[in-house]
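# An overview of the molecular structure
Below, each chain spelled out in residue letters.
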Amino acid sequence: MTEIHELIVKIKKQNKNIMEQIDWANLGFGYIKTDFNIRCTYSNGQWGELEVHDTEYISLHIAATSLHYGQEAFEGLKAYRGQDGKIRIFRMDENAKRMQDSCSGILMAKLPVEKFEQAVIKAVKLNERFVPPYESGASLYVRPLLIGSGAQIGVKPATEYMFIIFVTPVGPYFKGGFQTTPFVIMREYDRSAPLGMGKYKVGGNYAASLVAGQRAHEMGYSNIFYLDAKEKKYIDECGAANFFGIKNNTYITPQSASILPSITNRSLMVLAAELGLKVEQRQVPVEELDTFDEAGACGTAAVLSPIERIHDFDEKKSYIFSHDGKPGPICDKLYHKLRAIQYGDEADNHGWITVVE
Ligand code: PLP
Ligand code: COI
């Protein structure tokens, strides 16, 4: 046996208990240890080879720029097991390109798209047994991250970087899966500045959202609903997901320089147009919430999470989109269409799927 095959056999045996304890149908959005992670390091101006690791820990210099100055970017994508047993990965080239954008935003070395894709496939293949069964409705969450690992004490970019991909099986991000949930507007919190980092997937934005997120959860909301930080006039996004509203057979989603360009949202815009809806991406004034028949949050983790209501904490009023807790008809159609493509129940006519051979 080759060295890697011996390692695979050893680690699988070692992690047998973890596997056996997974309740596939009742997974939440949490971390479960899997067998292997993939790494690649950048030094002397170039990226090295992909490495396979079985430890969940890294050894990092105490002066690494990721620890002090926030040189960190991450991504999130999913792999799905179809009814045919095949594993499909959704739009990983888009995640690769977005990670490059994030790297431009905080001056980190960019990983080539092809290397990113090879690493994703390797991570999924080596942890294949953690891809949930089709019937469970769960999926394998793939988390790439890229960090400044080189030492620096002045506020300057590192000269060394580390790219890591780990995977973990997940269920729904919001409790209950495809059900409506409430959001809350609280103007005292922003996640990013008007000309800041909101359009990049960098760790600092998420640190900036923790207090607001916790407050929203304590008040019984699934997350905070952000308005633009400059004027508090237009809708930005819903926690770690983009927003869309539906009215007059139109899918409307905010255009803003401080929100993350969601790959899910872009896919839903295509599917909405194919379903015969008009699609508008533009500034959406907060008062327009009153006019939507349906509204939703969308993202890799959130998939399509229909919104029950948005409570405006400062103005003491609520915008209600569902009176019976059920998703509206357009949300329902879009959700099932997207899932059908991701799980391979419907043909992929857009080149969005990579089947893992
Ligand atoms: N907005 C934020 C802030 C996010 O963290 C995410 C998650 O990735 C999204 C939107 C949705 O983006 P995507 O659909 O590419 O996962
Ligand atoms: C995703 O949807 O992949 C995200 O990154 C959301 C996350 C921060 C949990």
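Look up a bit, the structure's there.
In this text the structure is predicted, and so the values were computed from the model without any measurement.

### Considerations on the overall build of the chain
Across its full length, the chain carries nine helices and 18 strands. Against the 2.2 N^0.38 benchmark of 21 Å for 357 residues, the chain shows a C-alpha radius of gyration of 21 Å, consistent with a compact globule. In the chain, which comprises 357 residues, the proportion classed as buried is 53%. Accessible area for the chain stands at about 16400 Å²; split by element, carbon and sulfur atoms hold 50% of it. Across the chain, 40 positive and 44 negative side-chain charges occur, with their mean positions spaced 1 Å apart.

### As for the side chain of Ser 305
Considering the arrangement of structural elements, one finds Ser 305 in strand S16 (residues 303-312). Given a relative accessible area of 3%, Ser 305 falls into the buried group. Here the side chain of Ser 305 touches Ala 302 through a polar contact of 2.8 Å, landing on its backbone oxygen. Residue contacts for Ser 305: discarding those within four places in its chain leaves Phe 174, Gly 296 and Ala 297.

### Looking at the site of ligand 1
Around ligand 1, the structure places 16 residues, and the nearest of them are Tyr 206, Glu 237, Ser 262, Thr 264 and Thr 300. In the environment of ligand 1, an oxygen atom lies 2.7 Å from a nitrogen or oxygen atom belonging to the side chain of Arg 98. Here a nitrogen atom of ligand 1 and a side-chain polar atom of Glu 237 are 2.7 Å apart. Taking 390 Å² as the accessible area of ligand 1 by itself, protein coverage stands at 97%. Going through the elements one at a time, helix H8 (263-274) and strand S15 (294-299) are the ones with two or more residues in the shell around ligand 1. Here the residues of the shell around ligand 1 are counted per class, giving six nonpolar, six polar and four charged.

### Quick word on the packing of helix H4 (residues 92-105) against helix H5 (residues 113-126)
It is at 9 Å that the axes of H4 and H5 come closest, and there the two elements cross at 125 degrees. With respect to each other, H4 and H5 are oriented oblique. As H4 packs across H5, the resulting crossing turns out to be right-handed. Between H4, through Met 92, Asp 93, Asn 95, Ala 96, Lys 97, Met 99 and Gln 100, and H5, the contact on the second element is made entirely by Val 113, Phe 116, Glu 117, Val 120 and Ile 121. When its residues are assigned to classes, the contact of H4 with H5 shows seven nonpolar, two polar and three charged.

### What about H4?
Because each turn of an α-helix spans 3.6 residues, side chains separated by three or four positions end up pointing in the same direction. An ideal rise of 1.5 Å per residue puts 20 Å on 14 residues; H4 measures up with 20 Å between its terminal C-alpha atoms. Following H4 by one or two positions, Leu 107 has its phi on the positive side, about 55 degrees.

### A closer look at the site of ligand 2
Inspection of the region around ligand 2 gives Phe 29, Phe 74, Gly 76, Tyr 141, Arg 143, Tyr 173, Lys 201, Tyr 206, Ala 240, Thr 300 and Ala 301 as its neighbouring residues. Here an oxygen atom of ligand 2 sits 3.4 Å away from a polar atom, N or O, in the main chain of Thr 300. Compared with its free state, where it exposes 290 Å², ligand 2 has 89% of that area covered by protein. Residues belonging to the shell around ligand 2 are distributed by class as follows: seven nonpolar, two polar and two charged. Looking at the shell around ligand 2, you find at least three residues from each of domain 1 (3-170) and domain 2 (181-343).

### Digging into the environment of Thr 168
Note on placement: Thr 168 falls in strand S8 (residues 161-170). As for Thr 168 and Arg 143, which are separated by 25 residues in sequence, their C-alpha atoms are 8.2 Å apart. A polar side-chain atom of Thr 168 sits 2.7 Å from the main-chain amide nitrogen of Ile 32.

### Comments concerning the nonpolar core
Grouped together as the largest cluster of nonpolar side chains are 45 residues, with contacts concentrated most on Trp 47, Val 120, Val 124, Leu 146 and Phe 163. At the level of secondary structure, the elements contributing two or more residues to this core comprise helix H1 (3-14), strand S1 (37-43), strand S5 (77-81), strand S6 (87-90), H4, H5, strand S7 (139-148) and S8. Among residues more than four places away in sequence, those in contact with Leu 146 are Trp 47, Gln 71, Glu 72, Ala 73, Met 99, Cys 103, Met 108, Ala 109, Leu 111, Tyr 161, Met 162 and Phe 163. Core analysis: the next-biggest nonpolar cluster, separate from the first, contains 23 residues, Val 303, Tyr 335, Ile 341 and Ile 353 among them.

### Some remarks on the pattern of salt bridges
It is possible for side chains of opposite charge to pair when their charged atoms get near one another. This model, assessed by the stated rule, comprises 20 salt bridges. Here Arg 88 ties to Asp 84 by a salt bridge, and the two come within 2.7 Å at their closest N and O atoms. According to the relative accessible area criterion, Arg 88 is buried, its value standing at 10%. With its nearest N and O atoms 2.8 Å apart, the salt bridge here joins Glu 280 to Arg 282. The class for Glu 280 is partly exposed, based on a relative accessible area of 23%. It is possible to trace a salt-bridge network through shared partners that takes in Lys 247, Lys 278, Glu 280, Arg 282 and Glu 288.

Cut-off values and rules
Residues numbered from 1 in each chain as written. Chains lettered and ligands numbered in written order. Predicted model: local features only at pLDDT ≥ 70, side-chain atom pairs only at ≥ 80, totals over all residues. Heavy atoms only, no water. Helix = DSSP H or I, 4+ residues; strand = E, 2+ residues; numbered from the N terminus. Rg over C-alpha atoms; globule rule 2.2 N^0.38 Å. Buried < 20%, exposed > 50% of the residue type's maximum accessible area, 1.4 Å probe, protein only. Areas by Shrake-Rupley, 256 points an atom, 1.4 Å probe, with all protein chains shown as cover. Lys, Arg positive; Asp, Glu negative; His and termini not counted. Charge placed at Lys NZ, Arg CZ, Asp CG, Glu CD. Polar contact = N/O pair within 3.5 Å; in protein donor to acceptor, adjacent residues only side chain to side chain. Contact = heavy atoms within 4.5 Å. Near = heavy atom within 4 Å. Nonpolar A, V, L, I, M, F, W, Y, C, P; charged D, E, K, R; others polar. Axes fitted to C-alpha atoms, helices over the stretch in contact; angles between N-to-C directions. Parallel < 35°, antiparallel > 145°, perpendicular 65-115°, else oblique. Left-handed = near helix turned anticlockwise from the far one by under 90°. Expected span 1.5 Å × (residues − 1). Domains from an automatic or database assignment. Core = buried A, V, L, I, M, F, W, Y, C linked by side-chain atoms within 4.5 Å. Salt bridge = Lys/Arg side-chain N within 4 Å of Asp/Glu carboxyl O.

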